[in-house]
Amino acid sequence: MTVIAADEVAQQKAGGPGHDIPPQKAIEGRTPLQLAWARLKKDRVSIACLIVIIVLVLVAIFANQLTSLIGHPPNEQYRDKGLAPNGLPVGPGGFFLLGGDDVGRDILSRIIHGTRVSLLVGVVATALAVLIGVSVGTMAGYFGGRVDTVLSRTMDVFLSFPFLLFAISLVSVFSPSVRISIFVIAFFTWANVGRIVRGQVLSIREKEYVEAARSLGAGDFRIMVVDVLPNLVAPILVYSTLLIPTAIVFEATLSFLGLGVPIPTPTWGNMISESQGTYLQAPGFLIFPSLALFITTLAFNLLGDGLRDALDPRAARVLARK
Amino acid sequence: MGRFIVRRALFGVVVLAIISFAVFILFFVVAPGDKAANFCGKGCTPERLAQINKLYHLDQSWISQYWLYVKRLVLHGDLGYSFNNQQPVRAIIFDRAPATASLALGAAVVWLSLGIPIGILAATKPRSLRDRAATTFALAGLSIPTFVLGLLFLYLFFYQLTIHGAAFFPGNGYVPLTQNPWEWMKHLILPWFTLAVVSAASYSRITRGSLLEVLGEDYIRTARAKGLSERRVIYRHGLRSALTPVVTLLGIDVGTLLGGAIVTEAVFGLGGIGQTAVTAVVNGDLPIIFGTVLFAAFFIVVANILVDIAYALLDARVRLA
């Protein structure tokens, strides 16, 4: 009886009398990530940053094609046309679109090629740091006890290193290269990731579904991968996005100090470092690579912020409460 | 509390031992080459080589050199002698430390007085125009590398002022406070602001975030319901607990900077600990590298302990065990 009544109400609500109800749109289940993406799409700043980042990636991939379009290879020195008569770099707008550097190379071509090193180091170092950090942090938080003590103390030691100084020492011993830059950056950032992940796992492992999985006989490894890790996707995604610009700046700093990617490879840090002798007279030499660096890090930072808001709607609620 | 401090201090000593050990392994085991021969240079005579080996104990195994190093440090507070000019490392560090300390502490004052008010302004009117402006400032500051900002400052405030006949800021160098306070300040203003603008960004962000969270708490509603003025609610009740994360960050940042603000020192040629360390790394001056790494790590370890203590004093909910 009640069942029929409920059925009738449903039919009336659907607007169709009798049995020929128009087929309703099925209710779609949306995963948290889909919901987050829907929220992110509404945020114009984040989308703009995403576009900037995609453009940067394309520039990095097609760097060779772009520079051959310009006609000035990044390491070609145009000593006659690319330098002012007094030996200073030429300004923007003349022979070179963005001006030349102190030995007559095209700044634009070099910036385009510099995108490669920056993005490569930023992304790979972050991926490496996240991989180590998540593994160690998850184990520390999940197992607790003595394992946690050992792993947490290890992370504490890594966080106590005067990292830039030690990084410089490491680079000087192994002689500078892209690979060693990536390794050094990952080496000194994974502990930050590990600490955050550990804190999250500490609360996740007390959840009922972890207990349920365990009572069904799931092993530790399976629980960590299947039950714990998916809950870490949001914070890891946000943190990685914010870690990439840090790694890019770290690489540029190493290059600036002369211990990054060896010259004449064009990197933004190398260019800024090379500009030091003449930038007071030719500010473009400093400003354009700095701008490239600034736009890249800003785009990643803004996107990270947008991602945080999209993945964690709680943050918006705190604001609404006021 | 006492037990906590002792335990943390002991762990700090262990951390310093591990770090110094790591540096020794890096330079004695991993790094290629005969240290004494490198140091002696091209026109090296066997007598001089023997002399160097005797003086610096470079002919012994690295583990016994480490043991010797630790023993000298603990018993005499001695950090050895520089390869380059044979000066005691301790004297070099003490000589360079005031420049670094002036830079770090002065910059901290500037970034706190920039960052915290901006954070408060943003948090008290979330989503307003001034919040947007504050957030933009914070993100821009976070995205600009220290060396870029430093070079930009040099271009604008040193070079442009100088060529327009209004020279005020010197381009580089450091003048001790005891020698001439006015010159000391003039030499440090640009470095202070370089470091401060970059850091103020994260301070304003953290102040904003944490104050927003605190202002949503029940006791703030109670304070408002009692009829307290908004000023009092924010500054007396809100800010006190909102500043706890700021104190944490401040401790770590100042601790790290006291061990050498490498980039800022390099841009402005301040000749502090950081610059000394970088020069030593480039020249392979091992005793100075060991000394400066240990010096920097010491400040980081002490800062961490102080931060934990401050945390307990500021936040009644935290108990140290």
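Chemist: How should the overall build of chain B be read in this particular structure?
Modeler: When helices and strands are counted, chain B shows 14 helices and zero strands. Along the chain direction, N to C, the helices and strands of chain B fall in the order α-α-α-α-α-α-α-α-α-α-α-α-α-α. Overall, the C-alpha framework of chain B stretches about 85 × 60 × 35 Å when taken along its three principal axes. In chain B, which comprises 321 residues, the proportion classed as buried is 38%. When contacts within chain B are restricted to residue pairs at least 6 apart in sequence, long-range pairs at least 24 apart make up 70% of them.

Chemist: Is there a simple way to explain the overall build of chain A in this structure?
Modeler: Scanning chain A from terminus to terminus reveals 14 helices and zero strands. Considering chain A as a whole, with its 322 residues, one finds that 44% of them fall into the buried category. Taking contacts inside chain A between residues at least 6 apart in sequence as the whole, the part at least 24 apart equals 70%.

Chemist: Even after reading the chapter, I still don't get the interface of chain B and chain A, so can you show me in this structure?
Modeler: Where interface size is given, it is often the accessible area lost as the parts come together that is meant. At the junction of the two partners, chain B supplies 42 residues and chain A supplies 34 residues. Those elements that provide at least two residues to the side of chain B that touches chain A are helix H1 (2-30), helix H6 (129-143), helix H7 (146-163), helix H8 (181-215), helix H12 (262-268), helix H13 (273-283) and helix H14 (286-314) of chain B. Here the side of chain B that touches chain A takes eight residues from H14(B), the largest share from any one element. Classifying every residue of the side of chain B that touches chain A gives 34 nonpolar, six polar and two charged.

Chemist: Looking at this structure, how should I read helix H5 (residues 107-143) of chain A?
Modeler: Note that an α-helix has 3.6 residues per turn; residues three or four places apart therefore point the same way. Residues and elements named next belong to chain A. The terminal C-alpha atoms of H5 lie 53 Å apart, and with 37 residues this matches the ideal 54 Å at 1.5 Å per residue to within 8%. Judged by how many residues are buried, H5 sits mostly within the fold: 26 of 37 residues are covered. Immediately beyond the C-terminal end of H5, within one or two residues, lies Gly 144, with a positive phi of roughly 65 degrees.

Chemist: Help me out: how do you make sense of the nonpolar core in this one?
Modeler: The tendency in soluble globular proteins is for nonpolar side chains to be buried as a group. Residues A:Ala167, A:Ile168, A:Ile185, B:Ala196, B:Ile289, B:Val293 and B:Ala297 are the most contacted members of the largest nonpolar core, which totals 157 residues. Ranked by residues supplied to this core, first place goes to H8(B) with 16 residues. Discounting chain neighbours no more than four positions away, the residues touching B:Ala297 are A:Ser160, A:Phe161, A:Pro162, B:Leu16 and B:Ile19.

Chemist: I'm lost on the packing of helix H11 (residues 233-256) of chain A against helix H12 (residues 268-275) of chain A in this one. Help?
Modeler: When two helices pack together, their arrangement is given by the angle between the helix axes and by the axis-to-axis distance. All names here are of chain A. Where H11 contacts H12, the two axes come as close as 7 Å, and the packing angle between them is 35 degrees. Helix-helix and strand crossings are classified by hand; for H11 and H12 the assignment is right-handed. Only Trp 268, Gly 269, Asn 270, Ile 272 and Ser 273 of H12 make contact with H11, whose side of the interface consists of Glu 251, Ala 252, Thr 253, Leu 254, Ser 255 and Phe 256.

Chemist: Looking at this model, I keep getting lost on the confidence of the model for chain B. Mind explaining?
Modeler: Regions with low pLDDT should not have their predicted coordinates read in detail. For chain B, per-residue confidence averages 82 on the pLDDT scale, and 93% of positions sit at 70 or higher. Element-level pLDDT for chain B is lowest in helix H2 (residues 35-40) of chain B, with a mean of 65, against a maximum mean of 88 in helix H5 (residues 89-124) of chain B.

Chemist: Quick question: what am I supposed to make of the packing of helix H7 (residues 163-174) of chain A against H13(B) here?
Modeler: Close contact between H7(A) and H13(B) brings their axes to 9 Å; oriented N to C, the two are set at 10 degrees. One way to sum up the angle between H7(A) and H13(B) is to call them roughly parallel. Considering the relative orientation of H7(A) and H13(B), their crossing is right-handed. Between H7(A) and H13(B), the residues in contact are A:Leu165, A:Ile168, A:Ser169 and A:Ser172 and B:Ala277, B:Val278, B:Val281 and B:Val282, respectively. A class-by-class count of the residues in the contact of H7(A) with H13(B) yields six nonpolar, two polar and no charged.

Chemist: What am I meant to see in the environment of A:Phe250 here?
Modeler: You can see A:Phe250 is positioned in helix H11. Between the C-alpha atoms of A:Phe250 and A:Asp148, which are 102 residues apart in sequence, the distance is 29 Å.

Chemist: How do you make sense of the confidence of the model for chain A when you look at a structure like this?
Modeler: Residue and element names in this part refer to chain A. Overall, the predicted model of chain A reaches an average pLDDT of 79, with 81% of residues at or above 70. Ranking the elements of chain A by mean pLDDT puts helix H14 (residues 314-321) last, at 46, and H5 first, at 89. Contacts from residues 1-18, a stretch scored under 50 in pLDDT, to residues over four places away or in other chains number seven contacts. The model gives residues 316-322 a pLDDT under 50, and that stretch makes eleven contacts with residues more than four places away or in other chains.

Chemist: Before we go on, may I ask you to explain the environment of A:Tyr239 in this structure?
Modeler: Residue and element names in this part refer to chain A. With respect to the secondary-structure elements, Tyr 239 resides in helix H11. By the C-beta count within 10 Å, which is 23 here, Tyr 239 ends up buried. With 65 residues separating them along the chain, Tyr 239 and Gly 304 place their C-alpha atoms 7.4 Å apart. In this view, Tyr 239 contacts Val 193 and Ile 196; residues no more than four positions away in its chain are not counted.

Chemist: In this structure, what is going on with the environment of B:Ala196? I would like to understand it.
Modeler: Residue and element names in this part refer to chain B. Following the sequence through the fold, Ala 196 ends up in helix H8. On the neighbour-count criterion, Ala 196 (23 C-beta atoms within 10 Å) is buried. The spacing of Ala 196 and Glu 213 is 17 residues in sequence and 25 Å in space, taken between C-alpha atoms. Residues within four places of Ala 196 in sequence aside, it is in contact with Ala 107, Val 110, Trp 111 and Leu 114.

Reading the values: the criteria
The residue numbers shown here count from 1 along each chain, following its written sequence. A letter from A marks each chain and a number from 1 marks each ligand, given out in the order of writing. Since the coordinates come from a predicted model, pLDDT governs what is reported: local features require at least 70, and pairs of side-chain atoms require 80 or more to be given and counted, while whole-chain, interface and lining totals use all residues. Secondary structure follows DSSP: runs of H or I at least 4 residues long count as helices, runs of E at least 2 residues long count as strands, and numbering of each begins at the N terminus. Counting other C-beta atoms within 10 Å of each residue's C-beta, where C-beta atoms are placed from the backbone, gives the exposure class: buried for 20 or more, exposed for 12 or fewer, partly exposed between. It is the C-beta atoms, placed from the backbone, that decide contacts: two residues are in contact if theirs lie within 7 Å. For this scheme, ten residues count as nonpolar: Ala, Val, Leu, Ile, Met, Phe, Trp, Tyr, Cys and Pro. Four count as charged, namely Asp, Glu, Lys and Arg, and the remainder, Gly too, count as polar. In this scheme, a helix's expected span is set at 1.5 Å multiplied by one less than its residue total. For our purposes the nonpolar core covers buried Ala, Val, Leu, Ile, Met, Phe, Trp, Tyr and Cys residues that link as a set through C-beta atoms within 7 Å. In this analysis, axes come from line fits to C-alpha atoms, helices being fitted only over the stretch in contact, and the angle between any two N-to-C directions falls in the range 0 to 180 degrees. The sense of a crossing depends on the near helix, which, turned anticlockwise from the far helix by less than a right angle, makes the crossing left-handed and, turned clockwise, makes it right-handed. Scored from 0 to 100, pLDDT reflects the predictor's confidence in each residue. Angular relationships are summarised with four words: roughly parallel below 35 degrees, roughly antiparallel beyond 145, roughly perpendicular across 65 to 115, and oblique for the angles in between.

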